[in-house]
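An overview of the molecular structure
Here is what each chain is made of, one letter per residue.
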Amino acid sequence: MDLHRGPGVDVVLPCLDEAEALPWVLARIPPGWRAIVVDNGSTDGSADVARALGAYVVHEERRGFGAACHAGLLAATAEVVCFCDCDATLDPGRLVPFVEEVRAGGADLVLGRRRPLSRGAWPVHARAGNLALSLLLRRRTGLRLHDLGPLRAARREPLLALGLTDRRSGYPLQMVVRAADAGWRITERDVPYLARTGASKVTGTWRGTWQAVRDMSGVLREGASVRAGGGLSRPRGEAAHRYR
């Protein structure tokens, strides 16, 4: 790898108390790629574990899934940036064909459609919430996506040009909405979904899932004014979203 050019791919891993899952996740980062672990206030030594395993660690003091994701995006230097949860539900090695599709020009944004390998991997209420958001997204953008999962890949500079502002749970959805409004080609690929390591931050409960769905729905009401350069106009304010 040319150290002056940096890694070919950066993988952003938002992290809140995932010390137990990190060894499994980081061991599956493809060779030559860089793992960017964004510590979002962990108290279990996650940052130290990640650093010891060779990851590049970024600290984001502002709590929120979107805050962590965006801090990782800003820290990235690679041409292509991927996102993956840090709880061992998703194998970052599955991102290889995502990156190949982006580089080949087949898509501007590739999303992972989660396929649970066990009944407990994706609780029914979490699936119901995801379905509701997918239907709302279809109504808002015309995209016929089945999942709004966290495993995804796109080029870094166009991602930055989207001007993403949500810093809580709505960040992944806002990325898709603004990409669609900007005319991006968006595809999805099936990926195995495993039972997570540790306790879920939100989607482990009906209440948490409903709160996330309600909050993310605000993202779908954004204006769709596309500005020059492929991004969108900044919304008037940021919705209060919870950490996933």
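For the structure, check the block above.
Sequence order as written defines the numbering, with residues in each chain counted from 1. At least 70 in pLDDT is required for a residue's local features to be given in this predicted model, at least 80 for side-chain atom pairs to be given and counted, and no such filter applies to totals for whole chains, interfaces and linings, which use all residues. Note that water and hydrogens are dropped before the side-chain values are worked out from all heavy atoms of the structure.

1. Looking at the side chain of Arg167
As a reminder, the rule being used: Strands here mean DSSP runs of E at least two residues long; helices mean DSSP runs of H or I at least four residues long; both are numbered from the N terminus. Per-residue accessibility, obtained with a 1.4 Å probe over protein chains only, is compared with the maximum for each type, and a residue is labelled buried under 20%, exposed over 50%, and partly exposed between these values. Here a polar contact is recorded for every N or O atom pair within 3.5 Å, except that within protein the pair must consist of a potential hydrogen donor and a potential acceptor, and residues adjacent in sequence are included only if both atoms are side-chain atoms.
With respect to the helices and strands, the residue Arg167 is situated in the loop between α6 (156–161) and α7 (171–181). A relative accessible area of 15% means that Arg167 is categorised as buried. Within polar-contact distance, the side chain of Arg167 engages the backbone oxygen of Thr165 at 3.4 Å.

2. Quick look at the nonpolar core
To keep it simple, the criterion reads: To qualify as a nonpolar core, a set must consist of buried Ala, Val, Leu, Ile, Met, Phe, Trp, Tyr and Cys residues joined through side-chain atoms within 4.5 Å.
By size, the foremost hydrophobic cluster in this structure holds 33 residues, and its most contacted members are Leu109, Leu159 and Ile186. Elements represented by at least two residues in this core include exactly β2 (34–39), α3 (65–75), β4 (80–83), β5 (109–116), α5 (124–141) and α7. If one sorts the elements of this core by residue count, α7 sits on top with six residues.

3. Topic: the pairing of strand β6 (residues 152–155)
Threshold: Being paired, for any two strands, means DSSP has found at least two bridges between them.
Relative to β6, β4 runs antiparallel, the two sharing four bridges. Among the inter-strand pairings, Cys82 is bridged to a residue of β6, identified as Ala153. Summarising the sheet, β5 and β6 pair through three bridges and their orientation is antiparallel. If you follow Leu111 over to β6, its bridge partner there is Arg152.

4. Things to note about the sheet that holds strand β1 (residues 9–15)
How we decide: Lines fitted to C-alpha atoms define the axes, with helix axes restricted to the stretch in contact, and inter-axis angles between N-to-C directions lie between 0 and 180 degrees. Two residues qualify as a contact provided that any one of their heavy atoms is within 4.5 Å of a heavy atom in the partner residue.
Pairing is mixed in the open sheet, where seven strands are placed in the order β3-β2-β1-β4-β6-β5-β7. Of all strands in the sheet, those with a lone pairing partner are β3 (56–59) and β7 (186–193), marking the two edges. Neighbour-to-neighbour, the strand axes of the sheet open up by a mean angle of 20°, direction not taken into account. Each of β4, β5, β6 and β7 is contacted by α7, which is oriented at about 135° to β5, the strand it contacts most.

5. Here's the deal with the pattern of salt bridges
Close approach of charged atoms lets side chains of opposite charge pair. Quick note on the threshold: Here a salt bridge means any side-chain nitrogen of Lys or Arg lying within 4 Å of a carboxyl oxygen belonging to Asp or Glu.
One pass over the structure, following the stated rule, counts eight salt bridges. A salt bridge links Asp108 to Arg185; the shortest N-O distance between them is 3.0 Å. Residue Asp108 is found in the loop between α4 (96–103) and β5, and its partner Arg185 is found in the loop between α7 and β7; the two are separated by 77 residues along the sequence. When the shortest N-O distance is used, the salt bridge between Arg115 and Asp190 registers 3.4 Å.

6. Description of empty space enclosed by the protein
Here is the rule we go by: Definitions used throughout: a 1 Å grid over protein atoms alone; a cavity as a set of points that fits a 1.4 Å probe which cannot get out; a pocket as an open set with protein on both sides within 12 Å along at least five of seven lines; a lining residue as one with an atom within 4 Å of a point. Grid points are joined across faces, edges and corners, and a volume is the space filled by probe spheres set on the points. Residues are grouped as follows: Ala, Val, Leu, Ile, Met, Phe, Trp, Tyr, Cys and Pro are nonpolar; Asp, Glu, Lys and Arg are charged; all remaining types, including Gly, are polar.
For the structure shown, the criterion picks out one cavity of 30 Å³ or more. Estimated volume of the largest cavity: approximately 60 Å³. Lining the largest cavity are Pro14, Phe65, Cys69, Phe83, Cys84, Pro150, Arg152, Tyr171, Pro172 and Met175. Considering every element that reaches the lining of the largest cavity, the biggest residue donor is α7, with three residues. Here the lining of the largest cavity is composed, by residue class, of nine nonpolar, no polar and one charged.

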